[in-house]
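# Fold and geometry: a report
Single-letter residue listing:
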Amino acid sequence: MSRIHTPDSIEDAPEASQPLLRNVEKLLGTVPNMFRLIANSPEVLNGQLAFSAALNGGKLNAATRERIALAVAEINGCNYCLSAHSYIGKAFKLLDESGIDAARRGKSADARAEAALVLATELVKQRGKVGEAQIAAAKLVGISDAEILEIIAHVAYNTFTNYVNSALDTEIDFPRLETRAAA
């Protein structure tokens, strides 16, 4: 059970959050617990959804975005996000089981995706303090300056959701996975 109230339905959420949750429901077909929990603060929910939408319109493809989410969740020890992004990766046919497993280890068979993962995992481990070598390695495989900024933004966004779900112990409503550290 979550450490703070998770509204049972859209109607149970604060009034200002309800239209935002209806949009989530239209997009996903359901409203996962994380969104209902964040709905306790309409401002935070609005910011979270806007940040996500902006990043989804960026240059990184959906599979790379899911790989980054999996790698960040694994490092940060967030079972909710690991479970959610594994489900999303499979459900939207972005990643298969081996791709999910590789992403959790910061690896990919695709050189560009792996370079993005190396940068993302170093950003998490070094708390943003990566060096010129990590940026140069990403550029070496053709990752643009815009994509480097997006990788940093995805790390920040996923760290936020990891912290929300870990700090508040959001009830997992996806097929459950445990981070390797927790297993």
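Coordinates for the structure precede this section.
A brief report on the enclosed structure follows. (Residues numbered from 1 in each chain as written. Predicted model: local features only at pLDDT ≥ 70, side-chain atom pairs only at ≥ 80, totals over all residues. Heavy atoms only, no water.)

All right, on to the overall build of the protein chain then. Across its full length, the protein chain holds 9 helices and 0 strands. The secondary structure elements of the protein chain, listed N-terminal to C-terminal, are α-α-α-α-α-α-α-α-α. Against the 2.2 N^0.38 benchmark of 16 Å for 183 residues, the protein chain shows a C-alpha radius of gyration of 16 Å, consistent with a compact globule. A total of 183 residues make up the protein chain; the buried ones form 46% of that total. Taking contacts inside the protein chain between residues at least 6 apart in sequence as the whole, the part at least 24 apart equals 71%. Here the protein chain has roughly 9400 Å² of accessible surface; of this, 55% comes from carbon and sulfur atoms. (Helix = DSSP H or I, 4+ residues; strand = E, 2+ residues; numbered from the N terminus. Rg over C-alpha atoms; globule rule 2.2 N^0.38 Å. Buried < 20%, exposed > 50% of the residue type's maximum accessible area, 1.4 Å probe, protein only. Contact = heavy atoms within 4.5 Å. Areas by Shrake-Rupley, 256 points an atom, 1.4 Å probe, with all protein chains shown as cover.)

Moving on: the environment of I143. Mapping I143 onto the fold places it in the loop between α8 (132-140) and α9 (145-167). On the basis of relative accessible area, I143 is assigned to the buried category, the value being 5%. Separated by 42 residues in sequence, I143 and D101 place their C-alpha atoms 23 Å apart. Ignoring sequence-local partners within four residues, the contact set of I143 consists of R112, A115, A116, A138, I148 and I151.

On the surface, D8, E11, D12 and E25 cluster together to form a negatively charged patch. Position of D8 among the secondary structure elements: in the segment before α1 (18-28). In this structure D8 comes out as exposed when scored by relative accessible area, which is 66%. (Patch = residues over 30% accessible without salt bridge, like charges linked within 9 Å, V, L, I, M, F, W, Y side chains within 5 Å. Salt bridge = Lys/Arg side-chain N within 4 Å of Asp/Glu carboxyl O. Lys, Arg positive; Asp, Glu negative; His and termini not counted. Charge placed at Lys NZ, Arg CZ, Asp CG, Glu CD.)

Taken as a whole, this structure holds 3 aromatic pairs when the rule is applied. A centroid spacing of 5.8 Å and a plane angle of 80° characterise the contact between Y80 and F174, whose relative ring orientation is edge-to-face. Taken together, the residues span a long stretch of sequence, with Y80 in helix α5 (residues 79-91) and F174 in the segment after α9 at a distance of 94 residues. Judged by its relative accessible area of 16%, F174 falls in the buried class. Where Y87 meets F174, the ring centres are 5.5 Å apart and the plane angle is 45°; that geometry is what we call tilted. Of this pair, Y87 sits in helix α5 while F174 sits in the segment after α9, and the two are 87 residues apart along the sequence. Relative accessible area serves as the criterion here: at 41%, Y87 is assigned to the partly exposed category. (Phe/Tyr/Trp six-rings, centres within 6.5 Å; stacked < 30°, edge-to-face > 60°.)

Within the secondary structure, T64 is located in helix α4 (residues 62-76). With relative accessibility at 8%, the residue T64 sits in the buried group. Ignoring sequence-local partners within four residues, the contact set of T64 consists of A113 and A116.

A few words on the environment of I135. With respect to the secondary-structure elements, I135 resides in helix α8. Ignoring anything within four residues of it in the chain, the contact list for I135 reads L119, V130 and I148.

Here we take up helix α7 (residues 111-125). Since one α-helical turn is 3.6 residues long, residues separated by three or four positions face the same way. The end-to-end C-alpha distance of α7, which contains 15 residues, comes to 21 Å, matching closely the 21 Å that a straight helix rising 1.5 Å per residue would cover. Buried residues of α7: A113, A115, A116, L117, L119, A120, T121, L123 and V124, and no others. Phi turns positive one or two residues past the end of α7, at R127, with a value near 50°. (Expected span 1.5 Å × (residues − 1).)

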